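Report on the structure
For reference, the chains in residue letters:
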Amino acid sequence: MRKKDQYCYSSLTDILREQILSGFIKKDEFLMSENELSKYYELSRSSVRKSLDLLLKEGLVVKKAGLGTFVSPNVTVRKSKRKVLRILTITPSYFVDHCLPFICETFEQQHLDVDIKLLSFPITQFWESLHKCIEMGIQPDICIITDTIFQELKSMDDFVSLDRIMDDELNRMYPKVIDGFRKDGSVKAIPVTFSGICLAYNPRMFNKYNVEAPRHGWDKEAFIKTARRLTFDTNDDGIIDNYGFSLPSTLNRWNVIAMQHGFDFHKPNKKALLDTLTFMHDMIYRQRSALVSHMQLHRVAFQSEQVAMMLTTTIELAGFGDKLPFEPKFAPMPFGDSPNTLLIANALMVHSASTERELAIQFLQTACHPDVQAKIGESRFLSVLHDINKMMWDPLDLASLHISDGQLHDAFYQHETISDTQMMQEVNQEMMLYWEGMESAEQCAKRLQKILAPRKKVASR
């Protein structure tokens, strides 16, 4: 059995087990169908089936042919006499998988009378799941979210303002990273790791094929030549199976190329948009030196050493853990005259109705403590404390990641570049033919310009 498959179904087992034992899914209540669980948690049907079989062996669920799987009537909801700190987490999440365990371990060593309980929910359903928890009498103390999920939150009053409470911790962080979690002048979430979109490369492939490694100061022309030299057919079957560059078709990746070409979604420039689309089409279809892919293929191709360079984040790379057979390096992104990049972050929030607010604040302080942040750095995640990064990262890497000066002047959160979620969905939808090479850059640019044009408000009568 592959380790990935084992991890997927054991992870789902843990999630469902905690939902059952916490009372989130009640006795005699049916779980989602295998098909629904597969779509909800983005897992294969076989992984879902193995997970349900484990719960069946544990006596937590019962299966009825033709009806589905429901919680066993013999399940006893746990009631601990110890203090309980309940944390709602997102899934999937590299931060939750790799960093949260040792944060919890450190906290529990300092609070021997406290049990930490985790409830995990898919990113796409996180706020809905939070409301359902509260309706069922399960009050969360802490939420682990991303900058994107934070922007989707409608009522900030449901969460504690952390400015004064965590002033010392905030003063040691990158101001720009904090700004992504500030609403109406108040910090509502504390970032614990972050990353800009960056260009990573496999030095082993460069050495193997005698290609000069990227250097600071290289330009777009040098990048194109490098990608060409690393693209070829390795087994002489007439099919290219080794690419110089991997380009995900998601807006939160290729937007960086547009930004470096000087494109601004708030003030669309026709030439900058056309230059961006033409450059990407040239790489993919004319020069055939770039692999256009969905995110899963993007990661697998880099891991299997069939792609030499990729647009990624330090969070994604750290999430590979020991699955990468090489140590990736970083290069400056040379796509245009602008040095801009996109920013992502993970953060912690304290719910206003928490019954263990003081403990929740202490958990956040633990997550931001220099010793814990140093451990985050050892896992190759970026720390939110610039002193830790200066100590643990190579200065050239920090320059490639846009944080050598500690200010992140050229980094922007996705919502700062395009804040309209519906517009983002329309852009992704309208580019399907473009990514398949079935329409020109000119045709795609023309249609995107219409979507991005300022929308007139309809006057109410």
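- Taking an unreviewed UniProt entry as the reference, the protein is identified by name as HTH gntR-type domain-containing protein belonging to Paenibacillus allorhizoplanae.

1. Quick word on helix H11 (residues 220-229)
- The set of residues buried in H11 consists of Phe223, Ile224, Thr226 and Ala227. The buried residues of H11 occupy one face: seen down the axis, they fall within an arc of 165°.
- Check the buried side of H11 and you find it contacts strand E9 (198-201), helix H10 (203-208), strand E10 (243-248), helix H13 (270-286) and strand E12 (307-312).

2. Concerning the sheet that holds E9
- A sheet is described by the order of its strands in space; here 5 strands give the open sequence E11-E10-E12-E9-E13, paired in mixed fashion. The open sheet has two edge strands, strand E11 (290-293) and strand E13 (329-331), and neither has a second partner. For this sheet, the mean angle separating the axes of adjacent strands, direction not counted, is 30°.
- Of the pairings in the sheet, the one linking E10 to E12 comprises 3 bridges and is parallel in character. If you follow Ser246 over to E12, its bridge partner there is Met310.
- Of the strands in this sheet, E10 and E11 are in contact with H13, which crosses E11 at around 105°.

3. A look at unusual backbone geometry
- The peptide bond linking Thr91 to Pro92 adopts the cis configuration, its omega dihedral lying at 0°.
- By secondary structure assignment, the location of Pro92 is in the loop between strand E3 (83-91) and helix H4 (94-98).
- Unlike most non-glycine residues, Asp184 shows phi in positive territory, near 55°.
- Taking relative accessible area as the criterion, Asp184 reaches 81% and is therefore assigned exposed.
- The phi angle at Asn210 is positive, at roughly 55°, despite the residue not being glycine.
- Locating Asn210 in the fold gives a position in the loop between H10 and H11.

4. Some words on the nonpolar core
- Ranked by internal contacts, the top residues of the largest apolar core, which has 105 residues, are Ile145, Phe194 and Phe363.
- If you tally residues by element for this core, the top one is helix H16 (residues 357-368), at 7 residues.
- Here Ile145 is in contact with Ile90, Phe126, Trp127, Phe150, Phe181, Ala189, Ala345, Asn346, Ala347 and Met349, once residues within four sequence places are set aside.
- Grouped together as the second largest cluster of nonpolar side chains are 48 residues, Ile197, Ala227, Ile284 and Ile418 included.

5. Topic: the pattern of salt bridges
- On inspection of all chains with the given rule, the structure shows 17 salt bridges.
- Of the charged contacts in the structure, one is a salt bridge between Glu34 and Arg49, with a shortest N-O distance of 3.2 Å. Of the two residues, Glu34 sits in helix H2 (residues 34-41) while Arg49 sits in helix H3 (residues 45-57), which places them 15 residues apart along the sequence.
- Taking the relative accessible area as the measure of exposure, Arg49 reaches 35% and is therefore partly exposed.
- Note that Arg286 and Asp282 form a salt bridge whose closest N and O atoms lie 2.6 Å from each other. Separated by 4 residues within a single helix, Arg286 and Asp282 lie in helix H13, roughly one turn from each other.
- The class of Arg286 is exposed, set by a relative accessible area of 62%.

6. With respect to the packing of H13 against helix H23 (residues 441-452)
- Interaxial distance between H13 and H23 falls to 9 Å at its minimum, and their mutual angle equals 140°. Taken together, the axis directions place H13 and H23 in an arrangement best described as oblique. For the element pair H13 and H23, the recorded crossing hand is right-handed. When H13 is examined against H23, the residues Lys270, Leu273, Leu274, Leu277, Thr278 and His281 are found in contact with a partner set consisting of Ala441, Glu442, Cys444, Ala445, Leu448 and Gln449.

7. Looking at the environment of Tyr41
- With respect to the element layout, Tyr41 can be found in helix H2.
- On the basis of relative accessible area, Tyr41 is assigned to the buried category, the value being 9%.
- Residues Tyr41 and Ala345 lie 304 residues apart in sequence; the distance between their C-alpha atoms is 21 Å.
- Not counting chain neighbours up to four residues away, the residues in contact with Tyr41 comprise Leu12, Ile15, Gln19, Met32, Thr91, Ser120 and Pro122.

8. Here's the deal with helix H12 (residues 251-260)
- With 9 of 10 residues buried, H12 is to be regarded as a mostly interior element.
- Among the residues of H12, those classed as buried are Leu251, Arg253, Trp254, Asn255, Val256, Ile257, Ala258, Met259 and Gln260.
- Within two residues after H12, Gly262 carries a phi angle of roughly 90°, on the positive side.

9. Quick look at the packing of aromatic side chains
- Scanning all chains against the criterion turns up 20 aromatic pairs.
- Pairwise contacts between aromatic rings join Trp218, Phe223, Phe245, Phe279 and Phe335 into one cluster.
- Seen from the ring of Trp393, Arg380 lies directly overhead, with NZ or CZ sitting 4.0 Å from the centre.

10. A word on the confidence of the model for the protein
- Model confidence for the protein is summarised by a mean pLDDT of 90, while 95% of its residues fall at 70 or above.
- Taken together, the stretch residues 1-7 has pLDDT below 50 and engages in 6 contacts with residues farther than four places along the chain or on a different chain.
- A low-confidence stretch, residues 456-461 (pLDDT under 50), is modelled with 0 contacts involving residues beyond four sequence positions or located in other chains.

Rules behind the numbers
Residues numbered from 1 in each chain as written. Predicted model: local features only at pLDDT ≥ 70, side-chain atom pairs only at ≥ 80, totals over all residues. Heavy atoms only, no water. Buried < 20%, exposed > 50% of the residue type's maximum accessible area, 1.4 Å probe, protein only. Helix = DSSP H or I, 4+ residues; strand = E, 2+ residues; numbered from the N terminus. Arc of directions from axis to C-beta. Contact = heavy atoms within 4.5 Å. Pairing = 2+ DSSP bridges. Axes fitted to C-alpha atoms, helices over the stretch in contact; angles between N-to-C directions. Core = buried A, V, L, I, M, F, W, Y, C linked by side-chain atoms within 4.5 Å. Salt bridge = Lys/Arg side-chain N within 4 Å of Asp/Glu carboxyl O. Parallel < 35°, antiparallel > 145°, perpendicular 65-115°, else oblique. Left-handed = near helix turned anticlockwise from the far one by under 90°. Phe/Tyr/Trp six-rings, centres within 6.5 Å; stacked < 30°, edge-to-face > 60°. Lys NZ or Arg CZ within 6 Å of the ring centre and 35° of its normal. pLDDT = per-residue confidence, 0-100.

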